[in-house]
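Survey of secondary and tertiary structure
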Amino acid sequence: MANMMQPQIILLKEGTDTSQGKPQIISNINACTGIADVVRTTLGPRGMDKLIHDEKGNATISNDGATIMKLLDVVHPAAKILVDIAKSQDSEVGDGTTTVVLFAGEFLKEAKPFIEDGVHSQSLIRSFRAASNLAISKIKELAVSIEGKSMEEKKSLLAKCAATTLSSKLIGGEKEFFASMVVDSVISIGNDDRLNMIGIKKVPGGTMRDSFLVDGVAFKKTFSYAGFEQQPKKFLNPKMLLLNIELELKSEKENAEIRLSDPLQYQSIVDAEWNIIYDKLDKCVQSGAKIVLSRLAIGDLATQYFADRDVFCAGRVTEEDLQRVAAASGGTVQTSVNNVIDEVLGTCEVFEERQVGNERFNIFSGCPSGRTATIVLRGGADQFIEEAERSLHDAIMIVRRALKNSTVVAGGGAIDMAISRYLWEHARKIAGKAQLFINFIILKGIRGMWPARSSPFRQSPGSNSQPKLVCTPRAFLVLPYLIVQPKCEEGHLMVIPRQLCDNAGFDATDVLNKLRQKHALPSGEGARYGVDINTGGIIDTFANFVWEPAVVKINAINAATEAACLILSVDETVKNPKSESAQGDAAAGAMGRGRGGAGFRGRGRGMRRR
Amino acid sequence: MALAFDEYGRPFIIVRDQEQKTRLRGIDAQKAHISAGKAVARILRTSLGPKGMDKMLQSPDGDVTITNDGATILEQMDVDNQIAKLMVELSRSQDYEIGDGTTGVVVMAGALLEQAERLLERGVHPIRVAEGYEMASRISVEHLENIAQKFVFDATNIEPLVQTCMTTLSSKIVNRCKRPLAEIAVKAVVAVADLERRDVNLDLIKVEGKVGGKLEDTELINGIIVDKDMSHPQMPKQIRNAKIAILTCPFEPPKPKTKHKVDIDSVEKFQTLRLQEQKYFDDMVQKCKDVGATLVICQWGFDDEANHLLMHRNLPAVRWVGGVELELIAIATGGRIVPRFQELTAEKLGKAGLVREKSFGTTKERMLYIEECANSRAVTIFIRGGNKMMIEETKRSIHDALCVARNLIRNNSIVYGGGSAEIACSIAVEAAADRYPGVEQYAIRAFADALDSIPMALAENSGLQPIETLSAVKSQQIKENNSYFGIDCNDVGTNDMCKQNVFETLIGKQQQILLATQVVKMILKIDDIISPSDF
């Protein structure tokens, strides 16, 4: 569009932003790495949290990748893809949301120099795909199955997985405590998919240690009418009647009207209404139930009626809670009080109303079918409990995943290092073009290993100088491949151990070198070594029970590769102008190009990098 | 947030309203948090201890609150900063769980943050600091367990409970009559407690206040006070051995809930209707009389016709009594709430030894006392005081005392107050620190220093030389290997808290330390704040 002499052909509406070609890919990559940088520091047991305000002034403190991504409110179209993969990882596996974003960001970052150097992005994509397939097959090979163990053994193994997830969270200090809680609750709901059978109740106050697991159901005392306090608050082996009807004095039919011509009949109408409700109440009591729960209101009349007959009742129980009670106690929710037979009544060992923090809780424990569990979370602040809930959710998902798909791999970056090495080796074995692909992966690996860039908590100044040394081999490797194909995914994979070290406040370079040495041992015995977060050294993470379900890693690599490929394959964005210029500077400059810079540093060329 | 530029040097937007968002990250974020947290703690610091000062808070609509209860102060301050809000919640959750020690927990968290700042400046990774704190908090909680003592008490021997409640009350404005108030609180809690289940439902204790009189007039009533009077001025003001009908139905002809219409097309029919209505009133009163009720308490109102009839039949009545009060009356008198006149039976009546209407001073206001109840599972604490603020503050103080008594019933271990527990923990943590290799050792030591800040603040507020006093007490503790020594805030002449009878509950203290550590850990863990810039 340099030639201003020619009449301009206007194809799109004015203000439409079109960018295309290589620069577009690069700018997309930049956007994605920008996003990845935000979550970078949350990885690992020593990862930090983010505090994010929204417009309404609510603050969320979180360490969960998906949550952070969601709250960032990303508008950049390419960067949104990263948000989506975080979400999909969350819904698919439930954990590893930070990992997936980091992977994708790192893949793209490694691809950037190649793009700049003129490699066609489709070639990159192909090698990414190949590398990811290799990586996944390697994970499958390295994964250890926990199938076929006894229940007890399995439990402790699952707890290890849960603990690994939890260790990066705010509640990491009590990970064993929560891990066993999570495992117990997941096991108790059995194999069906009804995740809502695990209830998480949040009660502010107390410390994390005060959280407890109920092998049954617990819910907050519902709104009660006068007379409630006179009901008994503790039962042993009570029968429970679960209802979905109102126990209240009310008009039976909404639009009916009674016409009386004889005032003396007045009383009979009144009596008739009362009899209806009394009849219902009577049937409830007749059924032998000692506890009556209803999803709808239980009025004051009913409350007092039950109080008189030593029956406990709670109205307006939420649907979820009632379903859980039904599942736990073996009862069925009734929509009528007629014909209540013994089979539909639930039971539990102990029912008790108990004080939890500032609230009173109805707790049903020791339920016969035991297919539910409730975790009552305690904590010092609302945000704290919110975050604890998210963390537990991750852990629950992990345990469920591990239960179904019982293979685990060593965590702490060990598996990533192992894949890295594998890809490296593999690359060399392939002749021709394909080798270039894999080498691409290797290159990435090398670059990824050096923490000089983007390590917010770099501790030793020494690590700065290291990358220079590395430059030579990298350059060697790169040169031949520049012509042909992509770099290495391997490097990308190294981002995980590196970030673990960075976040833990260790010298990443040092640790990574140790790790590389271990992993390079020809015997393969080093394949399980990862970062030891406690001492800053390396350790056999598998032997030390830092475990992750293999499916988490597989899904993460898959999703990240998909995302990276997707972003690389886009070479043009057509963005229609927002109706009410939502983006501050959306007004397009001349010909949709070259706008912007004014407010910042002039419209400098050559500012390709951030 | 950092802007990204594309090939042509155009910045592009990644996050919505990017320019309007501020982002603070890394060490700056932590520093900002710490200073916010410290600022909150500084406000509360002067309120700590028996010689602590009160704060006056004015709400947007002009109400004035004077208090030295940490949770209340923070609640009313309406802070905007997120970290400060965390501190507010910290204090609130201490309030929910323990009910006492809300000031101490914030001061403790502030001190921990202050110590953390120093470590951060030396380049220690914030997570390492947080982990060190966590280790230290475990050490101190265990140590508290060791120095704690079991209090033996039962329903008849409540002296230990009273002593502990007195410690709580001594820091409040009401401390001049802490003994009677403590006794009231303990008696109330013991009355409603389920000693076997170790459960106390504080809802059963009604705290009622009325301006006038003096604090010494505050009393515990084994029954209920309702801010109501008899429905008719000529009804008797005092009823002995009352049998109370507790009704949730109005003294009115019943109305069906279904839409209805009575067709009146002749004079006779109208007459019958009227007669029937009169009969209803008559029947209702008669039913109450028949079962032997001598007092009617009704949740709803009744019109003049019924009122007159009741008066006429010599049946005193109270109307418009709220649902909660009605329930408490039912519990206290052992009666049942009756929803319908047809259900009224003699067994369902509540019994009270004395029901009287009492007027106060020269005002016309009257209240109804229902006393000497059959079952004293519901009690009332009736607070008198010179002004409204005083009453409100007394209510809060009583609430604290009630919570302390409840906690003791739940767990009867105590530790000694006056900062002695903190000093003992500090010594233990300091000693344990040397056993930990690595950076955490520093954090653990910092924790010990932070623990010292509570006795330090106590001494400061009591007008003592903080450093001198603290070091003297500390050395005394170590020398005599005795954790009873604390700060002599009241200038009694001895540092031995055992002799001074200054006790605090073990769970309260443990909770303080755990909660403070937890929140500090949370604050330290944040390295990135993204917010719209108007915050």
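Residues numbered from 1 in each chain as written. Chains lettered and ligands numbered in written order. Predicted model: local features only at pLDDT ≥ 70, side-chain atom pairs only at ≥ 80, totals over all residues. Heavy atoms only, no water.

With an unreviewed UniProt entry as reference, chain B is termed T-complex protein 1 subunit epsilon, source organism Coptis chinensis. Recorded in UniProt under Sequence similarities (unreviewed entry), the annotation for chain B is "Belongs to the TCP-1 chaperonin family." The record held by UniProt for chain B lists under Catalytic activity (unreviewed entry) the comment "ATP + H2O = ADP + phosphate + H(+)". (UniProt positions renumbered as here; feature names shortened; annotations may be inferred.)

Per an unreviewed UniProt entry, chain A goes by the name T-complex protein 1 subunit eta and belongs to Coptis chinensis. Check the Sequence similarities (unreviewed entry) section of the UniProt entry for chain A; it says "Belongs to the TCP-1 chaperonin family."

A few points about the overall build of chain B
Within chain B one finds 16 helices and 20 strands. Taken over the C-alpha trace, chain B has a radius of gyration of 30 Å; the compact-globule value for 535 residues is 24 Å, which it surpasses by more than 25%. For chain B, the C-alpha atoms occupy an extent of roughly 95 × 75 × 45 Å along the three principal directions. Here chain B, with 535 residues, has 59% of them falling under the buried criterion. For chain B, the proportion of contacts with a sequence separation of at least 24, taken over those separated by at least 6, is 73%. Just so you have it, chain B exposes about 21,200 Å², and 49% of that area is on carbon and sulfur atoms. Between the averaged position of the 66 positive side-chain charges in chain B and that of its 74 negative side-chain charges there is a distance of 3 Å. (Helix = DSSP H or I, 4+ residues; strand = E, 2+ residues; numbered from the N terminus. Rg over C-alpha atoms; globule rule 2.2 N^0.38 Å. Buried < 20%, exposed > 50% of the residue type's maximum accessible area, 1.4 Å probe, protein only. Contact = heavy atoms within 4.5 Å. Areas by Shrake-Rupley, 256 points an atom, 1.4 Å probe, with all protein chains shown as cover. Lys, Arg positive; Asp, Glu negative; His and termini not counted. Charge placed at Lys NZ, Arg CZ, Asp CG, Glu CD.)

As for the packing of helix α4 (residues 102-121) of chain B against helix α5 (residues 126-147) of chain B
All names here are of chain B. Two elements in contact, α4 and α5, have axes separated by 10 Å at closest approach and are oriented at 140°. One way to sum up the angle between α4 and α5 is to call them oblique. Note on packing geometry: the crossing formed by α4 with α5 is right-handed. Here α4 contributes L112, Q115, A116, L119 and L120 to the contact with α5, which in turn contributes P126, V129 and Y133. Among the residues forming the contact of α4 with α5, the class breakdown is seven nonpolar, one polar and no charged. (Axes fitted to C-alpha atoms, helices over the stretch in contact; angles between N-to-C directions. Parallel < 35°, antiparallel > 145°, perpendicular 65-115°, else oblique. Left-handed = near helix turned anticlockwise from the far one by under 90°. Nonpolar A, V, L, I, M, F, W, Y, C, P; charged D, E, K, R; others polar.)

A word on helix α14 (residues 466-480) of chain B
Residue and element names in this part refer to chain B. In this model, α14 (15 residues) spans 21 Å end to end at C-alpha, consistent with the 21 Å of a helix rising 1.5 Å per residue. Contacts from the buried residues of α14 go to α12 (420-433) and α13 (440-461). N481 sits one or two positions beyond α14 and adopts a positive phi of about 50°. (Expected span 1.5 Å × (residues − 1).)

Some words on the domain arrangement of chain A
Residue and element names in this part refer to chain A. Taken domain by domain, chain A holds domain 1 (17-145 + 553-569) and domain 2 (172-250 + 273-405). Spacing between the C-alpha centres of domain 1 and domain 2 amounts to 41 Å. Between domain 1 and domain 2 the total buried area reaches about 890 Å² when both faces are included, carbon and sulfur atoms providing 47% of it. By the criterion of area lost to domain 2, the three top residues of domain 1 are I61, V93 and D95, representing 40% of everything that side buries. Inspection of the domain 1/domain 2 interface yields four residue pairs in polar contact (both at pLDDT 80 or more). (Domains from an automatic or database assignment. Buried area = accessible area lost by both parts, 1.4 Å probe. Polar contact = N/O pair within 3.5 Å; in protein donor to acceptor, adjacent residues only side chain to side chain.)

With respect to the pairing of strand β3 (residues 59-62) of chain A
All names here are of chain A. Residues of β3 alternate between two faces, with A59 and I61 on one and T60 and S62 on the opposite face, all of them buried. As judged from the four bridges shared by strand β2 (residues 49-53) and β3, these two strands associate in the antiparallel manner. Paired with K50 across the bridge in β3 is S62. Linking two consecutive strands that pair antiparallel, namely β2 and β3, is a turn of five residues; a positive phi of about 90° is found at G57 within it. (Pairing = 2+ DSSP bridges.)

A few points about the packing of aromatic side chains
Applying the stated rule across the entire model yields 15 aromatic pairs over all chains. Geometrically, the ring pair formed by Y416(B) and Y484(B) is tilted, given 4.5 Å between the ring centres and 55° between the ring planes. Of this pair, Y416(B) sits in strand β18 (residues 413-416) while Y484(B) is found in the loop between α14 and α15 (497-500), placing the two residues 68 residues apart along the sequence. With a relative accessible area of 4%, Y416(B) lands in the buried category. Pairwise contacts between aromatic rings join F219(A), F228(A), F235(A), F312(A), F351(A) and F364(A) into one cluster. For R356(B), the ring lying beneath its charged end belongs to Y369(B), and the centroid distance is 4.5 Å. (Phe/Tyr/Trp six-rings, centres within 6.5 Å; stacked < 30°, edge-to-face > 60°. Lys NZ or Arg CZ within 6 Å of the ring centre and 35° of its normal.)

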